[in-house]
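Close look at the chain arrangement
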Amino acid sequence: MSQTSDRRTGPSTARRSAYDHARKVGNRADVWKHCCLLRVVEHLLAGHPPGATFRYGETHSGAGELVLGETGEWRQGVGALDSVPDALAPHPYFRLVDVPVAPGTRYLGSWRLVERHLADQGIEHQIRLCDTSTAVSNLVWEYTVHQPSPTIVFRQLDGFADIKKHPGQHLLFIDPPFKPARHDWRRAGEATELLRERGESYLAWYPIYWPTEPTRLTNAARAPAFELHWAPMGKRPDRALKGCGMLAGGDAAPGLEAAQGELEALAELLGGRLEIRQPG
Ligand SMILES: C[S@@+](CC[C@H](N)C(=O)[O-])C[C@H]1O[C@@H](n2cnc3c(N)ncnc32)[C@H](O)[C@@H]1O
């Protein structure tokens, strides 16, 4: 498998991207997003023509692999899982992620999990990745440079802009840092409207501080979102993260709708509860 990696730096976008996922790797939100993502990939593969190439894209890819440190939010996420309940044992995430984990474990990010899952199923695939970070670009380049065939393309670019130029993924994952938050909420909304018009399947992750933005996003996208809530909303907005959601557009939605029991078990395992936000 080879992959091409474009190391050109887009100076304006690179400067804007000061987000570092290292502190958050493997946290509850990561486990939720990666479980939802793999469940949807598996669902889409069930209807995928045999032998056809599966095209997968990520607008905000991250490095694809980070090492769990001594401390970090992973201790409340993947680090809190001692074993996998029977209801979740067949889940593709738990076929790829061994628990319990310890400091020093390499935790695979979204696209590496998808890549592994597709490879394990023997599915031909093409993966298109964007990220504005130079550090991410270097890490992806290190991973892809040793691979023999062109299945992964990485571009150090604004992932939202890339959606307009590269239609036609079987699944697109949008995972912005929400820093600055207002900017990413607005662009996520525009992206999901475009994807809906094009009739494409996508997942978009978002943080939950207060229901206003998730409600606006699901309504604009006319698609349901599958949320993990781990803290009460409280009486007024504040800066504490209460949970996260995965908006599921196109054929991604039935994949998560069918997995409701599994998502409930996962939410409980992560110390929260499932809430499905339907578009109004
Ligand atoms: C939440 S992390 C991605 C995590 C990854 N999807 C995973 O689950 O393993 C968000 C990433 O977006 C990148 N980023 C920030 N602004 C961006 C933009 N406009 N376009 C593409 N990537 C961006 C950051 O450098 C960071 O690596």
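This is a predicted model, so every value here is computed, not measured.

**Comments concerning the overall build of the protein chain**
The number of helices and strands found in the protein chain is ten helices and eleven strands. Here the C-alpha atoms of the protein chain give a radius of gyration of 18 Å, agreeing with the 19 Å that 2.2 N^0.38 yields for 280 residues. Counting only C-alpha atoms, the protein chain reaches 50 × 40 × 40 Å along its principal axes. Residue pairs in contact within the protein chain that sit at least 24 positions apart in sequence constitute 81% of those at least 6 positions apart.

**Looking at the pairing of strand β7 (residues 171-174)**
Judged by which residues are buried, β7 turns out to be covered on both faces: Leu171 and Phe173 on one side and Leu172 and Ile174 on the other are all buried. As paired elements, strand β2 (residues 54-58) and β7 share three bridges and run parallel to each other. Across the sheet, residue Tyr56 finds its bridge partner in β7, namely Leu171. The pairing of β7 with strand β8 (residues 202-208) spans three bridges and is classified as parallel. Considered in β8, the bridge of Ile174 is made with Ala204.

**Considering the packing of helix α7 (residues 181-198) against helix α8 (residues 212-221)**
Close contact between α7 and α8 brings their axes to 9 Å; oriented N to C, the two are set at 20 degrees. Judged on the interaxial angle alone, α8 and α7 are roughly parallel. In the crossing of α7 with α8, the sense of the turn from one axis to the other is right-handed. Side by side, α7 and α8 meet where Trp185, Ala188, Gly189, Thr192, Glu193 and Arg196 of the first sit next to Glu213, Leu217, Ala220 and Ala221 of the second. When its residues are assigned to classes, the contact of α7 with α8 shows five nonpolar, two polar and three charged.

**Details of helix α10 (residues 260-269)**
Listed as buried for α10 are Leu263, Leu266, Ala267 and Leu269. Taken around the axis of α10, the buried residues stretch over an arc of 160 degrees, which confines them to a single face. Against the buried residues of α10 lie α2 (28-46), β9 (225-229), α9 (252-257) and β11 (273-277). Among the residues trailing α10, Gly271 stands out with phi positive, at a value near 75 degrees.

**A look at α7**
Look at α7: 26 Å from first C-alpha to last across 18 residues, which is about the 26 Å you get at 1.5 Å a residue. Looking at α7, one finds that the buried residues are Asp184, Ala188, Ala191, Thr192 and Leu195. Seen from one end, α7 has its buried residues packed into an arc of 100 degrees, which puts them on one side. Relative to its buried face, α7 has exposed residues pointing more than 90 degrees away, namely Arg182 and Glu197. Check the buried side of α7 and you find it contacts α6 (159-165), β7, β8, α8 and β10 (243-249).

**Digging into the nonpolar core**
The biggest cluster of nonpolar side chains holds 68 residues, and the ones touching the most others in it are Cys36, Val40, Leu203, Leu247, Ala248 and Leu256. Ignoring any residue separated from it by four or fewer positions in sequence, one finds Leu203 in contact with Cys36, Leu37, Val40, Phe173, Met246, Leu247, Ala248 and Ala252.

**Re the packing of α2 against helix α4 (residues 110-120)**
Relative to each other, α2 and α4 sit at 30 degrees, their axes nearing to 10 Å. Classified by chirality, the crossing of α4 by α2 is right-handed. Residues Lys33, His34, Leu37, Leu38 and Val41 of α2 touch α4, and the partners they reach there are Ser110, Leu113, Val114 and His117. Looking at side-chain class alone, the contact of α2 with α4 contains five nonpolar, three polar and one charged residues.

**A word on the pairing of strand β6 (residues 150-155)**
Where strand β5 (residues 125-130) and β6 come together, four bridges link them in parallel fashion. Residue Cys130 lies in a different strand from β6, and its bridge partner there is Arg155. Each parallel crossover has a hand, and the one from β5 via helix α5 (residues 134-144) to β6 is right-handed.

**Some details on the environment of Ala253**
With respect to the element layout, Ala253 can be found in helix α9. Linking Ala253 and Val40, residues 213 residues apart in sequence, is a C-alpha distance of 8.0 Å. With residues near it in sequence (within four places) discarded, Ala253 still touches Ala223, Pro224 and Ala248.

**Section: the site of the ligand**
Every one of the 22 residues lining the ligand counts as a neighbour, but His60, Gly62, Gly109, Ser110 and Ser133 are closest to it. A class-by-class count of the residues in the shell around the ligand yields five nonpolar, twelve polar and five charged.

**Topic: the confidence of the model for the protein chain**
Chain-level statistics for the protein chain give a pLDDT mean of 92 and a share of 93% at 70 or above. Contacts for the low-pLDDT stretch residues 5-17, under 50 throughout, to residues beyond four places or in other chains number 28 contacts.

Here is what the cut-offs are and how they apply
- Residues numbered from 1 in each chain as written.
- Predicted model: local features only at pLDDT ≥ 70, side-chain atom pairs only at ≥ 80, totals over all residues.
- Helix = DSSP H or I, 4+ residues; strand = E, 2+ residues; numbered from the N terminus.
- Rg over C-alpha atoms; globule rule 2.2 N^0.38 Å.
- Contact = placed C-beta atoms within 7 Å.
- Buried ≥ 20, exposed ≤ 12 C-beta atoms within 10 Å, placed from the backbone.
- Pairing = 2+ DSSP bridges.
- Axes fitted to C-alpha atoms, helices over the stretch in contact; angles between N-to-C directions.
- Parallel < 35°, antiparallel > 145°, perpendicular 65-115°, else oblique.
- Left-handed = near helix turned anticlockwise from the far one by under 90°.
- Nonpolar A, V, L, I, M, F, W, Y, C, P; charged D, E, K, R; others polar.
- Arc of directions from axis to C-beta.
- Expected span 1.5 Å × (residues − 1).
- Core = buried A, V, L, I, M, F, W, Y, C linked by C-beta atoms within 7 Å.
- Right-handed = clockwise from strand over helix to strand, strands pointing away.
- Near = placed C-beta within 6 Å.
- pLDDT = per-residue confidence, 0-100.

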